[in-house]
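Analysis of the macromolecular model
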Amino acid sequence: MSDAEPGGAFREARIDLDAIRHNVRALAELVAPAGVMAVVKADAYGHGAVAVARAALDAGALRLGVADIDEALALRGAGIDARVLAWLHDPGASFRVPIERGVELGISSTGQLHAVADATASAGRVADVHLKLDTGLSRNGIPRAEWPHAVAEAARLEREGLVRVRGVFSHLANTSPEEDAAQLEAFLRGVELAEAAGLRPDVRHLASSAAAVRFPEARLDLVRIGIGMYGIPPFGDGTTAAELGLRPAMTLQGRVAAVRRVAAGDGVSYGHTWRADRATTLALVPLGYADGVPRQASGRAEVFLRGRRRPVVGRIAMDQFLVDVGDDEVAVGDPVVLFGDPASGAPSADEWGEAAETIGYEIVTRVGPRVPRRHTGER
Ligand SMILES: *Cc1c(COP(=O)(O)O)cnc(C)c1O
């Protein structure tokens, strides 16, 4: 069975919203009684933030999460009024508009806390914030030495009616079970500190997809699910989506744009990094690195075409690459799937990640703007 639809588009990323709903339900069931925040940053990892956010909420996600305030405001602009948290801020960010629009703000420094409190008066609405504690990732988040001061300031600003601390959160490095457990310990100490200062956060959240699945103690009140919702395993250890009960939501496909027969010894694509060792047929696929197909996967990845996997041969170019179909029949216009649900025979995004020495996250997120997204299963 081919996952590609006959007569499909020249280039297309098909997003199955039924798969998104299935994955959210499966993960929500797994982590219950903890709730699910659906992470739709970076245009829902390339899947289309508004459509994915609606599908995730429909399937039981309680909240949405994004990196940037602008991403949260785009959801509001589309009429989505669910709780949404944004956690990575421009140093010059103005917090008035997000507070007005009821966007919850992650706080990574005492300075940010004060800037948010200062914006409250002009917004005419109390700012809902989540304190982000750095427990060992060493990225953003309030550094441990500043926790006592930050929670004391948050409690003072809460008493003054300027902010409400809705949550306390952190992010794991996913380094090893022992190191993740140490981060959980540190996080729980930070929560105790916040409570001792008089704060009463509704939710404590630490786990993203990987810990939500494999580290039950880290589920706490809420898990932040990104990659798992898209049906891609978070581990990078060969675990498949099917083993986790998840379905990949994105299928990247195109149509064969040209077919050519080459002779033994003919070189193929830039630099002739591959030469035919026999007479063979090549099919031209009209996607390239401008579309997020990694050049690094040249000569390593496979596609699904005419019921079989076929190797990518020669360099992947900006707009196109070639696959070797041997002596099999192939025609211009045939659908070709780069990745999708392996249950259909297609490679997974993870396999492309491996071919390009990266991760499935990067493969789906980098699908370029020239590739139209088509959502199926819309309600
Ligand atoms: C991106 C992100 C997530 C989601 O991670 P996944 O591994 O995709 O589930 C969760 N929390 C934070 C802070 C993030 O930046």
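Note that residues are indexed from 1 along each chain, following the sequence as it is written. With pLDDT at 70 or above as the cut-off, local features in this predicted model cover only qualifying residues; side-chain atom pairs require 80 or more to be listed or tallied, and sums for whole chains, interfaces and linings still use all residues. The basis for every side-chain value is the complete set of heavy atoms in the structure, and neither hydrogens nor water enter the calculation.

- Looking at an unreviewed UniProt entry, the protein chain carries the name Alanine racemase, with the source organism given as Agromyces tardus.
- UniProt positions are given in the numbering used here, feature names are shortened, and annotations may be inferred rather than shown by experiment. As recorded by UniProt, the Function (unreviewed entry) comment attached to the protein chain reads in full: "Catalyzes the interconversion of L-alanine and D-alanine. May also act on other amino acids."
- Under the Cofactor (unreviewed entry) heading, UniProt states for the protein chain: "pyridoxal 5'-phosphate".

**Quick word on the packing of helix H1 (residues 17–31) against helix H3 (residues 49–58)**
- Comment: axis = line fitted to C-alpha atoms, over the contacting stretch for helices; angle = value between 0 and 180 degrees taken between N-to-C directions. Elements are defined by DSSP. Helices are runs of H or I of four residues or more, strands are runs of E of two residues or more, and each kind is numbered from the N terminus. Contact pair H1 / H3: the axes reach a minimum separation of 8 Å and the direction vectors enclose 40 degrees. Taken together, the axes of H1 and H3 are oblique relative to one another. Seen from above, H1 lies across H3 with right-handed handedness. Residues Leu-17, Ile-20, Arg-21 and Val-24 of H1 form the contact with H3, whose own contacting residues are Ala-51, Val-52, Ala-55, Ala-56 and Asp-58.
- Here the contact of H1 with H3 is composed, by residue class, of seven nonpolar, no polar and two charged. If an angle is under 35 degrees, it is roughly parallel; if it is over 145, roughly antiparallel; if it lies from 65 to 115, roughly perpendicular; otherwise it is oblique. A clockwise turn of the near helix away from the far one marks a right-handed crossing, whereas an anticlockwise turn of less than a right angle marks a left-handed crossing. Whether two residues are in contact is decided by their heavy atoms: any pair within 4.5 Å suffices. Three categories are distinguished: nonpolar for Ala, Val, Leu, Ile, Met, Phe, Trp, Tyr, Cys and Pro, charged for Asp, Glu, Lys and Arg, and polar for the others, with Gly belonging to the last.

**Overview of the site of the ligand**
- In the vicinity of the ligand lie 13 residues, with Lys-41, Tyr-45, Ser-209, Ile-227 and Tyr-361 positioned nearest.
- Relative to its unbound accessible area of 390 Å², the ligand is 93% covered by the protein chains.
- Listing elements by their share of the shell around the ligand, those giving two or more residues are helix H2 (41–45) and strand S9 (222–225).
- Taken together, the residues that form the shell around the ligand break down as six nonpolar, four polar and three charged. Whether a residue is near a molecule or strand depends on its heavy atoms: it is near if one of them lies within 4 Å of it. Only the protein chains shown count as cover for residues, with accessible areas throughout obtained via the Shrake-Rupley method and a probe of 1.4 Å.

**A look at the sheet that holds strand S17 (residues 321–326)**
- Any two strands are treated as partners once DSSP identifies two or more bridges connecting them. Reading across from one edge, S11-S14-S17-S16-S15-S18-S10-S1-S19 is the order of the nine strands in this open sheet, with mixed pairing throughout. Since the sheet does not close on itself, it has two edges, and those belong to strand S11 (258–262) and strand S19 (373–376), each with one partner. Neighbour-to-neighbour, the strand axes of the sheet open up by a mean angle of 35 degrees, direction not taken into account.
- As paired strands, strand S1 (residues 11–16) and S19 are joined by four bridges and run parallel to one another. When the sheet's bridge partners are listed, Arg-14 is paired in S19 with Arg-374.
- Against the sheet, H1 touches S1 and S19, its axis set at about 40 degrees to S1.

**With respect to the UniProt feature "binding site: substrate" (unreviewed entry) in the protein chain**
- The UniProt entry lists Arg-139 and Met-318 under the feature "binding site: substrate" (unreviewed entry), expressed in the numbering used here. In sequence the annotated residues extend across 180 residues, and in space they extend as well, their farthest C-alpha pair lying 33.2 Å apart.
- In this structure, Arg-139 sits in the loop between strand S6 (127–132) and helix H7 (147–159).
- If sequence neighbours within four positions are ignored, Arg-139 has contacts with Asp-134 and His-171.
- Following the sequence through the fold, Met-318 ends up in the loop between strand S16 (308–313) and S17.
- When a residue's accessible area, from a 1.4 Å probe over protein chains only, is under 20% of the maximum for its type it is buried; when over 50% it is exposed; and in between it is partly exposed. Residue classification places Met-318 among the partly exposed residues on the basis of a relative accessible area of 42%.
- Other than its neighbours up to four places away in sequence, Met-318 contacts Gly-288, Tyr-289, Ala-290, Asp-291 and Arg-370.

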